[in-house]
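Structure at a glance
As a plain string of letters, each chain reads:
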Amino acid sequence: MKNVSPPTQDPDQEDRSTSATKFEWDFSVSAVVSSSVAGGNISDTLGVVEVNSSGNLFATGGIARKIRVYSLNSLLSSSRLEATLFDHATACHYCICTPAKLSSLKWKPGSGSQVMGSADYDGVVTEYDLETKMPVYERDEHSGRRVWSMDYSHWDPVVGASGADDGTMQMWDPRHDGGKCVAKVVLGSPVCCVEFSPFGGALVAVGCADRKAYVYDVRKIVDPVAVFDGHQRTVSYTRFLDDHTVVTSGTDGCLKMWDIEKQHMIRTYKGHTNQRRFVGLSIWRNQGLIGCGSESNQLFVYDKRWGEPIWVHGFEPEGGRRYEDGFVSSICWSQEGEDECTLVGGGFDGVVKIFSGKRKPLT
């Protein structure tokens, strides 16, 4: 585990706060879920980790063509005193085999964590009933091109959106057979991420291989309400920080925070390594903490107020083998808590680590 030293502030960019304030959080590893087979393999790479809205379950998916669902509460309650190592086979609550490699998972809002959407490398979006473990809806409208991302709106009725290598972002209604397309945006370059505003508004953010991110109002989707042009390479992730701010991640090795209304870049976050892979991006919106993976096989946590990381953790096992090409491939915060937080991260070798954070008491 590595705790970074307080970075030097840039007065033109950073808030004028004390260095001590930057390190007001303590993080620790609470649990590790790994395979009983020694040594990682690229076939185990996790492409996505998703925590449900209640913060009691999380799911993983990736190259292994399996949706694995875990009880986050059970793993944490078994690790009260010290970090505990679990095996996937025993820790997994249940598993669903899928026909293709998975790139994206989302718990469907309003389903009581009983329905999960997935996107895969064969260009298909599928909904699964987690009680029966059977698909209940399937959509194949991206010409067989890899779907990198899917998401659900947070209003009723719930609609979905997906972005793919065919250069389109499509919105669809899962109540209709075949998923009637309700809106389509042709961007011309592979779409790497779509995310609806989690605050219930009408906005959807899109990250694209043309090095730009876009925000659309779904009520009038002909033209974007904002275009963020500042990354030097592909924009791989877009995440809403609040209803007027978006954070983007690019394969230029930086994160950027944007003001939607002013279309102005607020801050750049640097420290992690990202040149060619999806490494995950997640925001704990309660306290404005940003997490991402890295091609240095480390997990980084940033505070929205400062451009340099406040905490860094290596994924290599203690005393274990170090992988030159190792990388952290997916992460997700639980949105529960105020002074305590939970972050789940997944690696290229299928290892899952659960981190707990606590705000330091004021002295």
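Counting starts from 1 at the beginning of each chain's written sequence and moves along it residue by residue. Restriction of local features to residues with pLDDT of at least 70 applies here, the model being predicted, together with a cutoff of 80 or more for giving and counting side-chain atom pairs; totals for whole chains, interfaces and linings are based on all residues. Where side-chain values are given, they derive from all heavy atoms of the structure, hydrogens and water being excluded.

**Concerning the confidence of the model for the chain**
In plain terms, the rule: Known as pLDDT, the predictor's per-residue confidence is scaled from 0 to 100. The contact rule is simple, with two residues in contact once any of their heavy atoms fall within 4.5 Å.
Of all residues in the chain, 88% have pLDDT values of 70 or greater, and the mean over the chain is 89. This model gives residues 1-18 a pLDDT under 50, and the stretch forms 41 contacts once residues within four places in sequence are excluded.

**A closer look at the environment of Ser-35**
Let me state the cut-off plainly: A helix here means a DSSP run of H or I that spans at least four residues, while a strand means a run of E at least two residues long, and both kinds are numbered starting from the N terminus. The rule is simple: take the accessible area with a 1.4 Å probe, protein chains only, and divide by the maximum for that residue type; under 20% is buried, over 50% is exposed, in between is partly exposed.
Inspection of the secondary structure assignment puts Ser-35 in the loop between β1 (25-34) and β2 (46-51). Since its relative accessible area comes to 36%, Ser-35 is described here as partly exposed. As for Ser-35 and Ala-89, which are separated by 54 residues in sequence, their C-alpha atoms are 7.6 Å apart. Beyond its immediate stretch of four places on either side in the chain, Ser-35 contacts Asp-87 and His-88.

**Quick word on the sheet that holds strand β17 (residues 212-217)**
Quick note on the threshold: At least two bridges found by DSSP between two strands are what make those strands a pair. Axis definition: a line fitted to C-alpha atoms, over the contacting stretch in the case of helices. Angles run 0 to 180 degrees between N-to-C directions.
Read across the open sheet, the four strands follow the order β15-β16-β17-β18; overall the sheet is antiparallel. Pairing within the sheet leaves two strands with one partner each, and these edge strands are β15 (191-196) and β18 (226-229). Within this sheet the neighbouring strands show an average axis-to-axis angle of 15 degrees, counted without direction. Where β15 meets strand β16 (residues 203-208), five bridges bridge the pair, whose relative direction is antiparallel. Its bridge partner being in β16, Glu-195 is matched across the sheet by Ala-205.

**Quick notes on the sheet that holds strand β6 (residues 92-97)**
Strands sit in the order β2-β3-β4-β6 across an open sheet of four strands; the sheet is antiparallel. A single partner strand is all that each edge strand has here, and the edge strands are β2 and β6. Pairwise comparison of adjacent strand axes, ignoring direction, gives a mean angle of 15 degrees for this sheet. With four bridges connecting them, strand β3 (residues 57-62) and strand β4 (residues 66-71) associate as antiparallel partners.

**Here's the deal with the packing of aromatic side chains**
Operational definition: When the centres of two rings from Phe, Tyr and Trp lie within 6.5 Å, Trp using its six-membered ring, the rings pair. Their planes under 30 degrees apart give stacked, over 60 give edge-to-face, and anything left gives tilted. Two conditions define a charge sitting above a ring: the NZ of Lys or the CZ of Arg must be within 6 Å of the ring centre, and it must be within 35 degrees of the ring normal.
For the structure shown, the criterion picks out 18 aromatic pairs. One aromatic cluster is present, formed by Trp-25, Phe-27, Trp-284, Trp-311, Phe-315, Trp-333 and Phe-355 through successive ring pairs. Lying over the aromatic face of Tyr-94, Lys-133 brings its terminal NZ or CZ to 4.8 Å of the ring centre. Taking the ring centre of Phe-315 as reference, the NZ or CZ of Lys-353 above it sits at 5.1 Å.

**Some words on the environment of Val-225**
Structurally, Val-225 is set in the loop between β17 and β18. Through-space distance from the C-alpha of Val-225 to that of Gln-263 is 8.9 Å; in sequence the pair is 38 residues apart. If we ignore the near neighbours within four places in the chain, the residues touching Val-225 are Leu-203, Val-215, Tyr-216, Asp-217 and Gln-263.

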